[in-house]
Amino acid sequence: MVDLSESGAVSPGHGRHGQGSGNNGKKTSKKARTRRGKRGRRRRNKKNNRNNKTPPPYLPPEVALKLVNPTQYRFEHLATQLKWRLQEGRGEAVYQIGVEDNGLLVGLTEADMKASLKTLKRMAEKVGADITLLREREVDYDLDRNTRKIAEVLVRKVPDDQQFLDLRVAVLGNVDAGKSTLLGVLTQGELDNGRGRARLNLFRHLHEIQTGRTSSISFEILGFNSKGEVVNYSESRTAEEICESSSKMITFIDLAGHHKYLKTTIFGLTSYCPDFAMLVVSANTGIAGTTREHLGLAMALKVPIFIVVSKVDLCSRGTVERTVRQLERVLKQPGCNKVPMVVSSPDDAVTAAQQFTQSSCITPIFTLSTVSGESLDLLKVFLNILPPLSNSKEQEELMQQLTEFQVDEIYSVPDVGTVVGGTLYSGVCREGERLVVGPTDEGRFLRLKVGSIQRNRSACRVLRAGQAATLALGNFDRSLLRKGMVMVSPKMNPTICCQFEAAIVLLFHAKTFRRGSQVTVHVGNVRQTATVECLHGKDELRTGERAVVRFRFIKHPEYLRLGAKLLFREGVTKGIGHVSRLLPPFQNHDQNQNQNHDQNLQEH
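These numbers come from a predicted model, not from an experiment. (Residues numbered from 1 in each chain as written. Predicted model: local features only at pLDDT ≥ 70, side-chain atom pairs only at ≥ 80, totals over all residues. Heavy atoms only, no water.)

Residues Leu507, Phe508 and Val572 make up a contiguous nonpolar surface patch of roughly 260 Å² in combined accessible area. Mapped onto the elements of the fold, Phe508 is located in strand β23 (residues 499–508). Of the residues examined, Phe508 reaches a relative accessible area of 40% and is grouped as partly exposed. (Patch = residues over 30% accessible without salt bridge, like charges linked within 9 Å, V, L, I, M, F, W, Y side chains within 5 Å. Areas by Shrake-Rupley, 256 points an atom, 1.4 Å probe, with all protein chains shown as cover. Salt bridge = Lys/Arg side-chain N within 4 Å of Asp/Glu carboxyl O. Helix = DSSP H or I, 4+ residues; strand = E, 2+ residues; numbered from the N terminus. Buried < 20%, exposed > 50% of the residue type's maximum accessible area, 1.4 Å probe, protein only.)

So, in structure tokens, the structure goes:
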């Protein structure tokens, strides 16, 4: 971390003198060399950590002892530093004032704190940002009797040219846990009536309204402005207005809770690449139905998860505590190895948001009610501060690659034509750009032109890597498209395959997993039945065993990426892994002929 105190840092000496002679001299010299060697290693490690080409995705808060009356040169330096931190944090940065760079909570007097906050506000205005005081607390310091405080301040860019920070949160949980109702209350600002009125606007089909159960994937947005205020709640807010005035957008992916819609839920988790997962658990039923399965899916796909215990207004305090204890036991089990963190105050919410992305073990738990509104503000504080998992450098690297857009949804819109929805995995996509889409059943790619682009239901000229959007394709024949296709740059030579190898772990199987087994394979937006062609080095697999397995798609070829996460299932059979090798179509054909030839020889 960089020290922003006026005194500056004192650099340790690098001199080599002081080495004595004789026995005592040698002894002293050896000790000195050892001490200097350790210090040198520590300094080199620090330097290496700072200059590491792949920095940690989460930027720790910037430490500032005090920012009182800096000189003009110093002020320009601090403003430049803030601008860099905002770029790295994709529009957000957190400052801790009154803390030394070694973590010592020194604190500042009332006057110094006011002056420091005033300086930070000037710095923010210079780079086009706003500041929000997250929390302020007193510290005990023995130098004098004056009250000393430390403050934590969020600095966030004012939105410009639709460059808001967008985080995707997948909403998981058992049927009737209150997922859609919670999203309705969060995004519309009105409490529920206890009978699910808040969720009605989220449903997409008549049967969902009639049954009260989500069966499809729907999206809801929650926008925060540069001051950390929710922008959804003012009069007649359209999606376009919310996008225009938001510095940070949370896109909720509402997934189905019922077991018969499990394939839709898995598709949402694998295809839409959520940054985080929110597991909703009903306080009165606890861990029931698909709750464990959804928790396992999120962990298998390595999606950071936080938990919301809903419907606390229906239960006694003892019942809520029993549900929380049940969750804590499950999270601490060897399969999970999580550290539960119950959030009960705004201070807890700030700490949880920062530690959640620093450590993959931390799992915040919220207990709230969508009817009484209890603790709902704590969840909003958490979502407002929640930093992105990827930094600007990783984003830039993805944007330098060739365009690759995953097709997740296909629509026909009157007066617009064919529209596809999905996520831009890499590159940059602009209006009027020419791409190729495929693979078709024959393994070909077809040319097309991107018309207009919409992101979060508002028009957008440029789409960047990691962003989800819908693209209008004009009069392109919808029947030629299907979910699981990709739209890529014509410069790319996409590798398609009918067969591929994957290193897998069999999570559960009632009997044994062997050659000839058929499973539904999920890889990104690809979802297709595949047959197990062979298990390398083994005849069969049992629960918990690992192997490299060759799969063959039974219907048509697919576009896959090496290293992509893979999840397969069939009934109670479940497994995870990653794609380790792609076999081109002609190689697949040759291998099949060789296998048939070998079988014929064995039969004769």
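What follows covers the sheet that holds strand β1 (residues 62–64). Hydrogen bonds between backbone atoms are what pair the strands of a sheet, whose relative direction is either parallel or antiparallel. Within the open sheet, the four strands sit side by side as β1-β2-β4-β3. Their pairing is mixed. The open sheet terminates on both sides in strands that have one partner only, identified here as β1 and β3 (129–139). Taking the axes of each pair of neighbouring strands and ignoring which way they run, one obtains an average angle of 20 degrees across the sheet. Relative to strand β4 (residues 148–157), β3 is paired through ten bridges, and the arrangement is antiparallel. Looking at the pairing, Glu136 lines up with Ala151 of β4. Sheet contacts for helix α3 (residues 110–126): β2 (92–97), β3 and β4; angle to β3, the most-contacted strand, approximately 160 degrees. (Pairing = 2+ DSSP bridges. Axes fitted to C-alpha atoms, helices over the stretch in contact; angles between N-to-C directions. Contact = heavy atoms within 4.5 Å.)

Along the polypeptide, Asp101 turns up in the loop between β2 and α3. In this structure Asp101 comes out as partly exposed when scored by relative accessible area, which is 40%. When the C-alpha atoms of Asp101 and Val63 are compared, they prove to be 5.8 Å apart, with 38 residues separating the residues in sequence.

Bringing the sheet that holds strand β18 (residues 458–460) into the picture now. Taken together, eight strands build an open sheet; the order of strands is β16-β15-β21-β12-β13-β20-β17-β18 and the sheet is antiparallel. Each edge of the open sheet carries a strand with a single partner, namely β16 (446–449) and β18. The mean angle between the axes of side-by-side strands here comes to 40 degrees, regardless of whether they run parallel or antiparallel.

Tracing the backbone shows Asn225 in the loop between β6 (218–224) and α6 (239–245). One polar contact links the side chain of Asn225 to the main-chain amide nitrogen of Lys227, over a distance of 3.0 Å. A distance of 2.8 Å separates the side chain of Asn225 from the backbone nitrogen of Glu229, its partner in a polar contact. If near-sequence neighbours (up to four positions away) are discounted, Asn225 is found in contact with Arg156, Val231, Ser245, Ser246 and Ser247. (Polar contact = N/O pair within 3.5 Å; in protein donor to acceptor, adjacent residues only side chain to side chain.)

When pLDDT is averaged along the chain, the result is 82, and 81% of the positions lie at 70 or above. Ranking the elements of the chain by mean pLDDT puts helix α13 (residues 585–603) last with 44 and strand β11 (residues 362–367) first with 96. Confidence over residues 46–57 falls short of pLDDT 50; this stretch has nine contacts with residues more than four positions distant or in other chains. Residue range residues 588–604 is modelled with pLDDT below 50. Its contacts to residues more than four positions away, or to other chains, number 14 contacts. (pLDDT = per-residue confidence, 0-100.)

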